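Close look at the chain arrangement
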Amino acid sequence: MNDHLAVLIPGDGIGPEVTAAVCRILEAAKAPVAWIERQAGLAALHAGSRDVLPEETLDAITRYGVALKGPCTTPVGEGFTSVNVQLRKRLDLYAAVRPVRNLDGVSTRFQDVDTIIIRENTEGLYSGIENQITKDAVMSMKVATETACRRIAHWSFRFATRRGRRKITVFHKANIMKMTDGLFLRCARHVHQQEYPNIEYQEMIIDAGCMKMVQDPTQFDILLLENLYGDVVSDLCAGLVGGLGVVPGANFGDEQAVFEAVHGSAPDIAGQGLANPLALLMSAVMMLNHLADTRHDEACRKAAERIKTGYNQALKDDQKTRDLGGQLGTEAFADAVIGRMA
Ligand code: NAI
């Protein structure tokens, strides 16, 4: 089988450093992937584009179906709309999946955390639809549609069934946002009752849910959340298993999938060779498994397994970047992984 063509978006801040390290590891693992590099974010502007999300980047993802993406910086309180929000909306990548698991060799307060966060990726307050109402007042609009709420509920229960997971918990605030979160809940409930009664279903008001999460995260199997809650709870959960350096992610639509870590462009450490490439590496492993599933190519699965063996062994041997209490830089950690691949 020929190499699979996949789009590579290095992104901003630590993005180019971690993507370079990850590409090197994939090559060493003989992953059958050839990269089509495209730009997004501030990097696109620096490369001469007038747009932070150039059409040629969107066209490439549409054409090749999969992308590995580094983080893109979004200015705070001013400036352009988030590239990430635009990308997810333009390609209708409606389901974000973030597996949060303990790793051997990374000691944290909890053991046996194994939760998968599923975040609705296209609606809610996170859409960033805002208006100036009067000179004194501004407004953000939270939008929920029955179509998107049902779609993510279906996707989540299908995913749970295929993966053999036992329970879905929805975090919500439908006691206050009765219409929007109410609709999200009704759709999830309906899909559960009508089509997936064998999967356990639970609803929790998000504030109490967060308290329970930090007391005992092992009680949660799959978490289903609307967009903003999914954003916040993803970072909270990352903190339970070692931080943003170890939580991967994927954004799925019906036609395309974009794989990216949960973390951002980390401007505080960018350009210093200190960033942990593991979260993006684990996202690349998700990409390889996705290619193995959808294109029936076992060479992708084998490469994914080699890489997992490499990073698990590196962590057990205490080969870690600084965010995990180690001493290694980005490239040295990549070397440690490569040296331990089966
Ligand atoms: P951040 O995730 O970039 O950083 C938060 C903290 O975690 C920082 O102390 C950083 O050094 C650390 N960190 C993050 N990733 C790390 C890694 N791989 N290795 C070691 N340490 C790591 O979040 P922040 O600072 O809130 O956002 C920075 C920028 O990133 C913003 O412009 C934001 O909009 C953007 N962002 C982009 C995302 C994306 O492209 N998907 C996701 C989240 C934020």
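What you see as residue numbers is a count from 1 along each chain, following the sequence as written. For a predicted model such as this one, the threshold for reporting local features is a pLDDT of at least 70, and the threshold for listing and counting side-chain atom pairs is 80 or more; totals across whole chains, interfaces and linings nevertheless cover every residue. To get the side-chain values, take all heavy atoms of the structure and skip hydrogens and water.

Topic: the side chain of T19
Every helix listed is a DSSP run of H or I at least four residues long, and every strand listed is a run of E at least two residues long, numbered separately from the N terminus. Relative to the elements of secondary structure, T19 occurs in helix α1 (residues 15–28). According to the relative accessible area criterion, T19 is buried, its value standing at 2%. Two N or O atoms form a polar contact when they lie within 3.5 Å of each other; inside protein one atom must be a possible hydrogen donor and the other a possible acceptor, and for residues adjacent in sequence the pair counts only when both atoms belong to side chains. Within the structure, the side chain of T19 is placed 3.2 Å from the backbone oxygen of P16, a separation counted as a polar contact. When a residue's accessible area, from a 1.4 Å probe over protein chains only, is under 20% of the maximum for its type it is buried; when over 50% it is exposed; and in between it is partly exposed.

Topic: the sheet that holds strand β11 (residues 250–252)
Taken together, the ten strands give an open sheet; going across it, the order is β2-β1-β3-β12-β11-β4-β5-β10-β8-β9, and neighbouring strands pair in mixed fashion. Lying at the two open borders of the sheet, with one neighbouring strand each, are β2 (33–37) and β9 (200–205). Neighbour to neighbour, the strand axes of the sheet diverge by 25 degrees on average, direction disregarded. Paired strands are those between which DSSP finds at least two bridges. Bridge count for strand β4 (residues 95–101) against β11 is three bridges, and the pairing is antiparallel. Across the sheet, V97 pairs through a bridge with A250, a residue of β11. On the sheet, helix α5 (residues 146–163) packs against β4, β5 (114–120), β8 (167–172), β9, β10 (222–225) and β11 and is oriented at approximately 155 degrees with respect to β5. A fitted line through C-alpha atoms represents every axis, and for helices the fit uses only the stretch in contact; the resulting angles, taken between N-to-C directions, go from 0 to 180 degrees. In this description, contact between two residues means that some pair of their heavy atoms is separated by no more than 4.5 Å.

Thoughts on empty space enclosed by the protein
The definitions used throughout rest on a 1 Å grid laid over the protein atoms alone, on which a cavity is an enclosed set of points accommodating a 1.4 Å probe that cannot get out and a pocket is an open set flanked by protein within 12 Å on both sides along at least five of seven lines; lining residues are those having an atom within 4 Å of a point. Grid points are joined across faces, edges and corners, and a volume is the space filled by probe spheres set on the points. On inspection of all chains with the given rule, the structure shows two cavities of 30 Å³ or more. In this model, the largest cavity occupies a volume close to 80 Å³. Considering the residues around the largest cavity, the lining is formed by E120, E123, G124, K142, V143, A144, C149, T180, D181, F184, E226 and N227. Considering each element in turn, the lining of the largest cavity owes the most residues, three residues, to helix α6 (residues 180–195). Under the scheme applied, nonpolar residues are Ala, Val, Leu, Ile, Met, Phe, Trp, Tyr, Cys and Pro; charged residues are Asp, Glu, Lys and Arg; polar residues are all the others, including Gly. Split into classes, the residues belonging to the lining of the largest cavity amount to four nonpolar, three polar and five charged. Taken as a whole, the second largest cavity spans an internal volume of roughly 40 Å³. Lining the second largest cavity are V85, R88, K89, R119, N121, T122, E123, Y126, S127 and N227. When residues in the lining of the second largest cavity are grouped by element, the largest group, three residues, is from helix α4 (residues 83–90). A per-class count over the lining of the second largest cavity returns two nonpolar, four polar and four charged. Mapped onto the domain boundaries, the lining of the second largest cavity takes at least three residues apiece from domain 1 (1–108 + 242–342) and domain 2 (121–225). Note that the domain bounds reflect an automated or database-derived domain assignment.

Quick look at the environment of P197
With respect to the secondary-structure elements, P197 resides in the loop between α6 and β9. Exposure remark for P197: the relative accessible area of 53% places this residue in the exposed category. Sequence separation of P197 and F157 is 40 residues, and the distance between their C-alpha atoms is 9.9 Å.

Structural notes on the site of the ligand
Around the ligand there are 21 residues in total, and C72, T74, G264, A266 and D268 lie nearest to it. T74 places a polar main-chain atom, nitrogen or oxygen, 2.8 Å from an oxygen atom of the ligand. Within the contact set of the ligand, an oxygen atom lies 2.8 Å away from a side-chain nitrogen or oxygen of D268. Using the Shrake-Rupley algorithm and a 1.4 Å probe, accessible areas are obtained, with residue cover drawn only from the displayed protein chains. Burial of the ligand by the protein chains amounts to 70% of its free accessible area of 810 Å². Given that more than half its atoms are within 2 Å of the pocket grid, the ligand belongs to the largest pocket. Proximity is defined per residue: if any heavy atom of the residue lies within 4 Å of a molecule or strand, that residue is considered near it. Pocket or cavity membership: a molecule qualifies when more than half of its atoms sit within 2 Å of the grid points of that site.

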